[in-house]
Amino acid sequence: MIQRALQLLHASEVIGLPTETVYGLGGDATNSEAVAKIYTLKGRPSFNPLIIHIASLEAAKKHAIFNSMALKLAAKFWPGPLTLVLPLQANHQLSPLVTAGLDTVAIRCPNHPIAQKLLSLYPNPIAAPSANKSGYISPTQAAHVHNCFGDKVFVLDGGSSPIGLESTIIDCSTDVISILRPGFITPIDIEAVTDNMVSYQDPHQGIIKSPGQLKTHYAPTIPLRMNATEILPNEGLLSFGNCNLIAEFELNLSLLGNVVEAATNLFDFMHKMDKLGQDGKITSIAVTHIPNDGIGIAINDRLSRAAAKK
Ligand code: TXA
Ligand code: MG
């Protein structure tokens, strides 16, 4: 399977690849033909840049400039669910489409055996956004990718993504670092390395530094609302922990009230609820309160975008 994926990458094609966060829609980051295919398949606006994936810090240094803070963060969290936004190296080989004309690049070293194997055997970085149509729910299983793109995209099946939410993105391109997208690695984890408070740039306000952090995102085709305390007619219920609400269609993100488990289940359960919507069994989704601590911050970030009106 990996050989087939490598052949396709060499032939400027796009593949679905598993990572520990979500599945990516990957293509050779130095090849504009391949990168253009990613944007077209995803239906992604070309002003929204892509993350590149590399096997090691050494490989990353060919394309980006690491300051001392970026080196510390990479040493602590790579391979893993952390993306660093860094200044581009002068002689980088990346397609200009990857960075959408910015002078920075987002880089991540995934901690997944299949992704690592592929990256160690492929000579160039792989650009990969999440493998969903722009704005729709992110994929955490090969079947989610297949449901989106059918036979147009070969998918390397690596089972369910163990983390289930996209990587934390940190802007390290200036002296003051900030979080552009919350994820599994929390502000507290980061502050333990940087010895400083890090700010979260809420993209709902002011300048959007991470162009992908638009208000509506991750959205099912039927409406979704948060912090539900009652169930309306024809609503499906996404519950968390002990829940005394009753609905005909209910999925519990974590019976024990564990936010890490809830993160792993979130997108899969949103896909399942959306399918119930498409089959006419429910007309909207109600989600009960999820604590806003640790990875709960990232869960609520994704849910609030899913809930935002289009
Ligand atoms: O976990 C992940 O990060 C997954 C897996 C596949 O690695 N990838 C992912 O990619 O979530 P995507 O394209 O769905 O999200 C990338 C985000 C977007 O919000 C984009 O705007 C932002 O990263 N981004 C990319 N390059 C950037 C840059 N130079 N400066 C600021 N934000 C950037
Ligand atoms: Mg995405």
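Being a predicted model, the structure only gives us computed values, none of them experimental.

Enquirer: Would you mind going over the sheet that holds strand 9 (residues 178–181) with me for this structure?
Expert: Hydrogen bonds between backbone atoms are what pair the strands of a sheet, whose relative direction is either parallel or antiparallel. What the ten strands build is an open sheet, ordered 7-1-2-6-3-5-4-8-9-10; its pairing is mixed. Pairing within the sheet leaves two strands with one partner each, and these edge strands are strand 7 (154–155) and strand 10 (199–200). Packing against the sheet, helix 4 (residues 68–77) makes contact with strand 4 (82–87) and strand 8 (168–171), and its axis sits at approximately 160 degrees to strand 4.

Enquirer: Please explain the sheet that holds strand 13 (residues 250–252) as it appears in this structure.
Expert: Taken in spatial order, the four strands of this open sheet run 11-14-12-13, and their pairing is parallel. Looking at strand neighbours, the two that pair on one side only are strand 11 (224–225) and strand 13, the edges of this open sheet. In this sheet, strand 14 (residues 284–287) lies alongside strand 12 (residues 235–239) in parallel orientation, the contact comprising four bridges. Looking across to strand 14, one finds that E235 is bridged to S284.

Enquirer: What am I meant to see in the side chain of H271 here?
Expert: As for its placement among the helices and strands, H271 is situated in helix 9 (residues 259–278). Note on H271: relative accessible area 14%, which makes it buried.

Enquirer: How should I be thinking about the packing of aromatic side chains in this particular structure?
Expert: The way to describe two aromatic rings as a pair is by their centre distance and the angle between their planes. Applying the stated criterion across every chain yields a total of two aromatic pairs. Seen in terms of ring centroids, F66 and W78 are 6.0 Å apart; in terms of plane orientation they differ by 80 degrees. Their pairing is edge-to-face. With F66 in the loop between helix 3 (57–61) and helix 4 and W78 in the loop between helix 4 and strand 4, the pair connects residues that are twelve residues apart, well separated along the chain. Across the pair, exposure class does not vary: F66 and W78 are buried alike.

So, how was this worked out
Residues numbered from 1 in each chain as written. Chains lettered and ligands numbered in written order. Predicted model: local features only at pLDDT ≥ 70, side-chain atom pairs only at ≥ 80, totals over all residues. Heavy atoms only, no water. Pairing = 2+ DSSP bridges. Helix = DSSP H or I, 4+ residues; strand = E, 2+ residues; numbered from the N terminus. Contact = heavy atoms within 4.5 Å. Axes fitted to C-alpha atoms, helices over the stretch in contact; angles between N-to-C directions. Buried < 20%, exposed > 50% of the residue type's maximum accessible area, 1.4 Å probe, protein only. Phe/Tyr/Trp six-rings, centres within 6.5 Å; stacked < 30°, edge-to-face > 60°.

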